[in-house]
Amino acid sequence: MTYVITQTCCSDATCVAVCPVNCIHPTPEERAFAGTEMLYIDPKSCIDCGACADACPVDAISPADRLTGAQARYAEVNAAYYADAEPAGVAEGSPNFHAWGAPAFERTLPADFGRLRVAVVGTGPAGMYAAEDLLLHTDAEVTLIDRLPVAGGLVRYGVAPDHPATKRIGDSFARFHTHPRVRMLLGAEVGKDVTVEEVAAHHDAVVYAVGASGDRRLGVPGEELAGSISATAFVAWYNGHPDGAPDGIDLSAERVVVVGTGNVALDVARILVSDPDELAGTDIADHALAALRAGKVREVVLLGRRGPEHAACTRPELLALSHLPGVELVVDDHDPRIGEALAAAGPQDKAALLRDAARERVDWSRPPAAEGDRRIVFRFHSAPEEVCGEGAVRGIRVTGGEGGAEIGAGMVLRAIGYRGVPVPGLPFDTVTGTVPHEAGRVAGRPGTYVVGWIKRGPSGGIGANRACAAETVGTLLADAVAGALPAPEHSAKAFQRLVRRRNRHIVDARGLAAIERAELARGSRGGRPRSKLVTVPELLAASKSRLTSTH
């Protein structure tokens, strides 16, 4: 029985490296890899060895005969990817089952290559993939720095709580937190506690993996009204980010409008209408779970400027949304182009996944879904023109149909993209929201590099950071071999003393482990897998705990 890759695929291609018959595509060497939504197993070539499932960091791979419910669709999704592909042949008499490319050894270093001391600023996926590459392929010493007193970045604060399998990538990264060549300085902010120049003066190289914590604006009147917020802030709120106020979100409205149709927009919509009892089995922040239980949201409207064929979400996430228990999926049929696009969609098109959704011309002057019902409404070919209200959001005026419409809503969430913010001391491109670079090397700053969203912009999921980090680390090592890295002026211990002198609340690997134990213990007492600590004082207090058991 063939194996199948499912919704939670992170596309980091660990499975590709272990497959003995080259039946997982696209591979990092193929052009399609850069834009793929997920990876796919060829059912005709798979030999059922299970190596890919063992290697997968997010448990996204299962035998086809074990898939149930909505997951069973992924057997068809994998097979469809290869439906029109030409069979890959092998030379006659070859011992191989499948065609292979020439082997590549990208981390070949001189025998006398010296030990590097590298700082990685940011402990999300991009930073940890860079650290992993350095630790596994060189004998570098790595200093992990994060402005928050806990590690994880996007994995902890960006992945939706009802995607626990995706969060398991954090376990792969966590094994490096206690690596003998790693030092952790959590709670230290570059640009505040220490300068860019000071970090550089204590390391051979510095890799900035600071992500894209800002958000894009709609640019319409009324955007500043109370109840008009970014999806960035909402995601941070339900994931317990210390920057968000626990009581900062009001869920008393029956209808919420989300501007955007990307994966973040779908995450937000799904959390808003999910059964709180189901969410109680996740690590969603306690305050968010309580607010959702008491909230009145019954309908979420997803607003897309273009048609269903151009929805920004991935097929796996849209497929999962269409099988959300107890939630009706509706397409507002206000424009004839919508029905035409759904009818014309091919089996590999995202729009085809909405073909079975209910279609109606929604009367926005009426209240949302009936009492007790929950639904998500897609309104395509519709752009925001004004957020309406006096002092607080009353609704949103949008284009589309005959003269547009005003959709009554008590909250408007903009989910139209993240944006990088400047790092004090580094160059910054205000147009792209990134640090200017060449293959990861920061322009005009020898020994300084970037990786992740601050390097390439807010595109690509967790796994995309692996290839991104490989490029940056490759550039860094090439510079080291060429003798282009400035020698550090001070020692690693001197840097630790400097940071701790500036900030007395630094968390190291032992403190991080104590936070982990405290959160698991809190969750266990409440019958949940984890109960997050959501303020900096709570995290710092837990980091000093001597608790040795989760019970």
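Analysis parameters
- Residues numbered from 1 in each chain as written.
- Predicted model: local features only at pLDDT ≥ 70, side-chain atom pairs only at ≥ 80, totals over all residues.
- Heavy atoms only, no water.
- Helix = DSSP H or I, 4+ residues; strand = E, 2+ residues; numbered from the N terminus.
- Rg over C-alpha atoms; globule rule 2.2 N^0.38 Å.
- Buried < 20%, exposed > 50% of the residue type's maximum accessible area, 1.4 Å probe, protein only.
- Contact = heavy atoms within 4.5 Å.
- Lys, Arg positive; Asp, Glu negative; His and termini not counted.
- Charge placed at Lys NZ, Arg CZ, Asp CG, Glu CD.
- Pairing = 2+ DSSP bridges.
- Axes fitted to C-alpha atoms, helices over the stretch in contact; angles between N-to-C directions.
- pLDDT = per-residue confidence, 0-100.
- Polar contact = N/O pair within 3.5 Å; in protein donor to acceptor, adjacent residues only side chain to side chain.
- Expected span 1.5 Å × (residues − 1).
- Parallel < 35°, antiparallel > 145°, perpendicular 65-115°, else oblique.
- Left-handed = near helix turned anticlockwise from the far one by under 90°.
- Nonpolar A, V, L, I, M, F, W, Y, C, P; charged D, E, K, R; others polar.
- Salt bridge = Lys/Arg side-chain N within 4 Å of Asp/Glu carboxyl O.
- Core = buried A, V, L, I, M, F, W, Y, C linked by side-chain atoms within 4.5 Å.
- Disulfide = S-S within 2.5 Å.

### Points about the overall build of the protein chain
Okay, so step 1: The helix and strand inventory of the protein chain stands at 19 helices and 23 strands.
Okay, so step 2: Against the globule reference of 24 Å for 551 residues, the protein chain gives a C-alpha radius of gyration of 24 Å, in line with a compact fold.
Okay, so step 3: Taking the principal axes of its C-alpha atoms as reference, the protein chain extends roughly 70 × 70 × 50 Å.
Okay, so step 4: The buried share of the protein chain, taken over its 551 residues, is 54%.
Okay, so step 5: In the protein chain, the share of contacts with a sequence separation of at least 24, taken over all contacts with a separation of at least 6, comes to 75%.
Okay, so step 6: Once the 58 positive and 68 negative side-chain charges of the protein chain are each reduced to a mean point, those two points are 6 Å apart.

### A word on the pairing of strand β13 (residues 327-332)
Okay, so step 1: Across the six residues of β13, five count as buried, placing the element largely inside the fold.
Okay, so step 2: Of the pairings in the sheet, the one linking β13 to strand β14 (residues 358-360) comprises three bridges and is parallel in character. Looking at β14, one finds that V331 is bridged to R359.

### Structural notes on the sheet that holds strand β18 (residues 405-408)
Okay, so step 1: Strand order across the open sheet formed by three strands is β16-β17-β18, with antiparallel pairing between neighbours. In this open sheet, the two edge strands, each paired with only one partner strand, are β16 (384-388) and β18. Recorded for the sheet is a direction-independent mean angle of 20° between the axes of neighbouring strands.
Okay, so step 2: Taken together, the four bridges between strand β17 (residues 395-398) and β18 define a ladder with antiparallel strand orientation. Residue pairing across strands places R397 opposite E406, the latter belonging to β18.

### Some points on the confidence of the model for the protein chain
Okay, so step 1: The predicted model of the protein chain has a mean per-residue pLDDT of 92, with 96% of residues at 70 or higher.
Okay, so step 2: The low-confidence segment residues 547-551, where pLDDT is below 50, has ten contacts with residues more than four positions distant or belonging to other chains.

### Details of the side chain of H163
Okay, so step 1: Inspection of the secondary structure assignment puts H163 in the loop between α5 (154-157) and α6 (164-167).
Okay, so step 2: Judged by relative accessible area, H163 falls into the buried class, the value being 12%.
Okay, so step 3: Engagement of the side chain of H163 in a polar contact is seen with the side chain of R270, the distance being 3.4 Å.
Okay, so step 4: With residues near it in sequence (within four places) discarded, H163 still touches Q7, D267, R270 and E317.

### Quick notes on helix α16 (residues 464-481)
Okay, so step 1: With 18 residues, α16 extends 26 Å from end C-alpha to end C-alpha; this agrees with the ideal 26 Å at 1.5 Å per step.
Okay, so step 2: Turning to α16, its buried residues are N465, C468, A469, T472, V473, T475, L476, L477, D479 and A480.
Okay, so step 3: G483, located one to two residues past α16, shows a positive phi value of around 75°.

### Examining the packing of helix α9 (residues 231-238) against helix α10 (residues 263-273)
Okay, so step 1: The N-to-C vectors of α9 and α10 enclose an angle of 50°; their axes lie 10 Å apart at closest approach. Looking at the two axes, α9 sits oblique to α10. Judged by the twist between their axes, the crossing of α9 over α10 is left-handed. For the pair α9 and α10, the contacting residues are A231, F234, V235 and Y238 in the first and V264, D267, V268, I271 and L272 in the second.
Okay, so step 2: Its residues placed into classes, the contact of α9 with α10 shows eight nonpolar, no polar and one charged.

### Considering helix α12 (residues 286-294)
Okay, so step 1: If you check which residues of α12 are buried, you get H287, A288, L289 and L292.
Okay, so step 2: Each element contacted by the buried residues of α12 is listed here: α9, α10 and α11 (276-279).

### Thoughts on the sheet that holds strand β19 (residues 411-414)
Okay, so step 1: Overall, parallel pairing links the seven strands, which are arranged β10-β19-β11-β12-β15-β13-β14 in an open sheet. Of all strands in the sheet, those bounded by a partner on one side alone are β10 (228-230) and β14. With strand direction ignored, the average angle separating the axes of adjacent strands in the sheet is 25°.
Okay, so step 2: Taken together, the five bridges between strand β12 (residues 299-303) and strand β15 (residues 374-379) define a ladder with parallel strand orientation. Among the inter-strand pairings, V301 is bridged to a residue of β15, identified as V377.

### Structural notes on the pattern of salt bridges
Okay, so step 1: Summed over all chains, the structure comprises 36 salt bridges.
Okay, so step 2: The partner of R183 in a salt bridge is E141, and the shortest N-O contact between them spans 3.7 Å. Placement of R183 in strand β7 (residues 182-186) and of E141 in strand β6 (residues 141-146) is noted, with a sequence separation of 42 residues between them.
Okay, so step 3: What emerges from the salt-bridge pattern is a single network uniting D215, R217, E223, E224 and R414.

### Things to note about the environment of D42
Okay, so step 1: Within the secondary structure, D42 sits in the loop between β3 (40-41) and α2 (51-55).
Okay, so step 2: Here the alpha-carbon distance between D42 and E141, two residues 99 residues apart in the chain, equals 40 Å.
Okay, so step 3: Leaving out residues up to four positions away in the same chain, D42 has contacts with T2, C23 and Y82.

### Brief notes about the pairing of strand β8 (residues 205-208)
Here is the key point about a regular strand: its side chains alternate between the two faces of the sheet.
Okay, so step 1: Burial along β8 is two-sided: A205 and V207 facing one way and V206 and Y208 facing the other are all buried.
Okay, so step 2: Bridge count for strand β5 (residues 117-121) against β8 is four bridges, and the pairing is parallel. Looking across to β8, one finds that V121 is bridged to Y208.

### Quick look at the side chain of S274
Okay, so step 1: In this fold, S274 is placed in the loop between α10 and α11.
Okay, so step 2: In terms of polar contacts, S274 uses its side chain to reach the backbone carbonyl oxygen of R270, at 2.5 Å.
Okay, so step 3: Leaving out residues up to four positions away in the same chain, S274 has contacts with L279, L324 and R374.

### A closer look at the nonpolar core
Okay, so step 1: By size, the foremost hydrophobic cluster in this structure holds 130 residues, and its most contacted members are I24 and F234.
Okay, so step 2: Those residues in contact with F234, other than ones at most four positions away along the chain, are I229, I249, L251, V268, L272 and L413.
Okay, so step 3: Within the second largest apolar cluster, 21 residues are counted, among which are V199, V423, V435 and V499.

### Remarks on the state of the cysteines
Okay, so step 1: Within this structure, the stated rule accounts for zero disulfides.
Okay, so step 2: Distance from the sulfur of C15, which forms no disulfide, to the nearest cysteine sulfur (C9) is 6.4 Å.
Okay, so step 3: For C15, a relative accessible area of 9% translates into the label buried.
Okay, so step 4: Cysteine C23 is unpaired, with the sulfur of C19 as its nearest cysteine sulfur at 3.6 Å.
Okay, so step 5: Residue C23 is classed as buried on the basis of its relative accessible area, which comes to 4%.

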